[in-house]
Amino acid sequence: MRLYFKYMSIHLKSQMQYRTSFFLMSFGQFFIPFMVFGGLYLMFERFGQLKGWSFFEVALCFSVIHLSFSLSECFARGFDAFSSLVGKGDFDRLLVRPRSAALQVLGSKFEFTRIGRLLQSGIVFIWSVSNLPGLWTFPKLLALLFMVFNGLLIFTGIFILAATFCFWTIQALEVANVFTDGGREMAQYPLNIYEKGVTRFFTFIIPFGCVSYLPLMYILDKREGDMLLPLLMPFGGALFLIPCLLIWRIGVKHYRSTGS
Amino acid sequence: MSRNNGMIRLEGIGKSFKVATRTAGLKEAAKALFARKHTVVEALKDISFSIGEGEVVGYIGPNGAGKSTTIKVMSGILVPDDGSCSIMGYTPWKDRAEYVKHIGVVFGQRSQLWWDVPVLDSFELLRDIYKIPEAQYKANISMLTEMLALETIVQMPVRQLSLGQRMRCEIAASLLHSPKLLFLDEPTIGLDAVSKLAVRSFIKKLNKEQGVTVILTTHDMSDIEALASRILMIGKGSLLYDGSLEELKGRFGSGKTVTVDYRGESGPIEIPGAAMLEWSAERAVYSFDPEQLTLAEIVSRLSAFVEVVDIEVVAKDIDEMIVRLYEEHKI
């Protein structure tokens, strides 16, 4: 873990070498989700509510997913950009070092410009929390924190999965974006607005539901239940990481026996 | 080898790759999308050798011969199909994490330094990756800075360094954790003469003073001549030659090449006992064997027809011997 922060600091130093580009990129990153959010706002202007969810409730859901996503893009960027690492042959370099490959890949790239996106999502988060009554209790805020954290792990898992495919096909698989970008777009709204199949997919296959819709039901008092439930539920999302890491290991093994 | 204590032992290493074959044409390409044909390429066939501690070995062969595959197997990146390999008591691909602490690898074409930060920052990160104790790190840094003349450049970001400076830093970076075995994959590629010499003399010194075993792949035969006491040559996946440079020289005779600059008009002049390599206005090149024909004879023969202005004699160059060796094995 200490090493991970060392990696981070060297990348931060690198990024600071290009300050103008950093600020412009961050600025851009601030406005991309802002547009999406603008659309959300206008929709509610017109329709008032979404299947029983008010504007601020949906905004909370939106901001949780976007916080997770921007954090994962910042900290797990190494896996997202993995195809170039394999393509350039730099992955060999990682294998001759006495540390786990996954940690080194994670440390190979950070995308600090995502701070723009993070900031934007943070603002929406605070805005919706302060406009929703009864959220200011410790367990609820803690549950929200857990949701963001475990959401980060789910996105990371998808990045790892996509990276693993690079061992078989060198080109980056655009298919993975269906799940990262697609997952983000779907999960930013309460899942009950979709078809049953979609809801199930995002609950049991890629468990975005565990870090957004399901615990939010309890947090927003839409369903009665013990507060323990929304506190534990997000960690169900983290389980997703386990098979991802297993598949990753198979990928590394394959790479080392084929060298491609 | 007399001093061979078997630090590295490879036995019957074999490795083949499946390569997708595709014939030209759109129709074939479309077919290949669904049913790919694979051919099996044998990258390494029954490679066995052993290298003793403290040796400097030049590993040579034409492109695609299997050099880098061997290096990858020996550095634990690649798992071979058959055969065994023991280096310092480790099996590289099985004990990877433990084993790589004891080796250093320089890939001449790929950097291990972080591009935008000062070299020293990269060194510090490597210190943390390898968990190098502070005292050892400091000692190594000061030794390497001195031996490679790095004082002024370690404060600079890598992107501002020249290729020669960068290569010196790369080599330093791979030695921070005091490895006993150093793999150098084309360490002098693209370097100017001065940097080449600096890198070579450093490797020599490192081997002599620290006893580091060095395995070096290169296409530059003068690297081999300057550094390696032993040559391993690989071609089409098989080991073709294992021996000293002197032995190789002995095998291909003590031939020399003479280049003569002349003045005067003349057609090509044949000299019995020498082979004409080139004849142009003002310049003639012959190769000859000094035991059969003396230089004076050549010059006097030429002087009968033209005015000899300048003569240059060089021993047959090692590149030529290697080409002959390649030809001998038809690779």
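The structure we're discussing is the one just above.
From a predicted model like this one, the values you see are computed outputs, not experimental measurements.

Novice: An account of the interface of chain B and chain A is needed here, citing residue identities and associated values.
Specialist: Opposite the 31 residues of chain B that make contact, chain A presents 27 residues. Regarding the contact of chain B and chain A, the summed buried area is about 2800 Å², with carbon and sulfur atoms giving 53% of it. Per-residue buried area on chain B facing chain A is highest for Ile77, Arg96 and Ile129 of chain B; these three make up 23% of the total on that side. Where chain B packs against chain A, one counts 5 salt bridges. Inspection of the chain B/chain A interface yields 21 residue pairs in polar contact (both at pLDDT 80 or more). If you list the elements that add at least two residues to the side of chain B that touches chain A, you get strand 1 (8-21), helix 3 (96-99), strand 5 (103-107) and helix 4 (119-130) of chain B. If you tally residues by element for the side of chain B that touches chain A, the top one is helix 4 of chain B, at 8 residues. Here the side of chain B that touches chain A is composed, by residue class, of 16 nonpolar, 4 polar and 11 charged.

Novice: Outline empty space enclosed by the protein, listing residues and values.
Specialist: A full pass over the atoms with the stated rule returns 1 cavity of 30 Å³ or more. Of the volumes computed, that of the largest cavity is approximately 40 Å³. Contributing to the lining of the largest cavity are Arg93 and Val96 of chain A together with Ile103, Gly104, Val105, Gln112, Tyr130, Ala173, Ser174 and His177 of chain B. Among the elements that take part in the lining of the largest cavity, strand 5 of chain B stands out by supplying 3 residues, more than any other.

Novice: Go over a nonpolar patch on the surface with me, naming the residues and quoting the values.
Specialist: On the surface, a cluster of nonpolar side chains totalling about 310 Å² of accessible area is made up of Tyr41, Leu42 and Trp127 of chain A. Take Tyr41 of chain A: its relative accessible area is 35%, and that puts it in the partly exposed class.

Novice: Describe the nonpolar core, naming the residues involved and giving the relevant values.
Specialist: Core analysis: the biggest nonpolar cluster contains 103 residues, and Phe82, Phe91, Phe208 and Trp248 of chain A have the highest contact counts within it. In this view, Phe208 of chain A contacts Ile65, Ile154, Phe155, Ile158, Phe179, Gly183, Ala187 and Phe202 of chain A; residues no more than four positions away in its chain are not counted. Listed in part, the 65 residues of the second largest apolar core include Met147, Leu161, Met167 and Phe252 of chain B.

Novice: Residues and numbers for the environment of Phe202 of chain B, please.
Specialist: Residues and elements named next belong to chain B. Relative to the helices and strands, Phe202 resides in helix 7 (residues 193-210). Phe202 sits 34 residues away from Arg168 along the chain, and the two C-alpha atoms are 9.2 Å apart. The residues contacting Phe202, other than those within four sequence positions of it, are Leu144, Met147, Leu148, Ile171 and Leu175.

Novice: Quick one: what's the story with the environment of Phe22 of chain A, residue by residue and with numbers?
Specialist: All names here are of chain A. Tracing the backbone shows Phe22 in helix 2 (residues 19-47). Classification of Phe22 by relative accessible area gives buried; the value is 9%. Distance from Phe22 to Phe5, taken between C-alpha atoms, is 20 Å for residues 17 residues apart in sequence. If near-sequence neighbours (up to four positions away) are discounted, Phe22 is found in contact with Gln15, Met16, Phe112, Thr113 and Ile115.

Novice: Explain the pairing of strand 12 (residues 283-288) of chain B to me, and be specific about the residues and the numbers.
Specialist: Residues and elements named next belong to chain B. The buried fraction of strand 12 is high, at 5 of 6 residues. In this sheet, strand 12 lies alongside strand 10 (residues 256-263) in antiparallel orientation, the contact comprising 6 bridges. Among the inter-strand pairings, Thr259 is bridged to a residue of strand 12, identified as Val285. Across 6 bridges, strand 11 (residues 274-280) lies against strand 12 in antiparallel orientation. The residue bridging Met276 from the neighbouring strand is Tyr286, located in strand 12.

Reading the values: the criteria
- Residues numbered from 1 in each chain as written.
- Chains lettered and ligands numbered in written order.
- Predicted model: local features only at pLDDT ≥ 70, side-chain atom pairs only at ≥ 80, totals over all residues.
- Heavy atoms only, no water.
- Contact = heavy atoms within 4.5 Å.
- Buried area = accessible area lost by both parts, 1.4 Å probe.
- Salt bridge = Lys/Arg side-chain N within 4 Å of Asp/Glu carboxyl O.
- Polar contact = N/O pair within 3.5 Å; in protein donor to acceptor, adjacent residues only side chain to side chain.
- Helix = DSSP H or I, 4+ residues; strand = E, 2+ residues; numbered from the N terminus.
- Nonpolar A, V, L, I, M, F, W, Y, C, P; charged D, E, K, R; others polar.
- 1 Å grid on protein atoms, 1.4 Å probe; cavity = no way out; pocket = protein on both sides within 12 Å on 5 of 7 lines; lining within 4 Å.
- Points joined across faces, edges and corners; volume = space filled by probe spheres on them.
- Patch = residues over 30% accessible without salt bridge, like charges linked within 9 Å, V, L, I, M, F, W, Y side chains within 5 Å.
- Areas by Shrake-Rupley, 256 points an atom, 1.4 Å probe, with all protein chains shown as cover.
- Buried < 20%, exposed > 50% of the residue type's maximum accessible area, 1.4 Å probe, protein only.
- Core = buried A, V, L, I, M, F, W, Y, C linked by side-chain atoms within 4.5 Å.
- Pairing = 2+ DSSP bridges.

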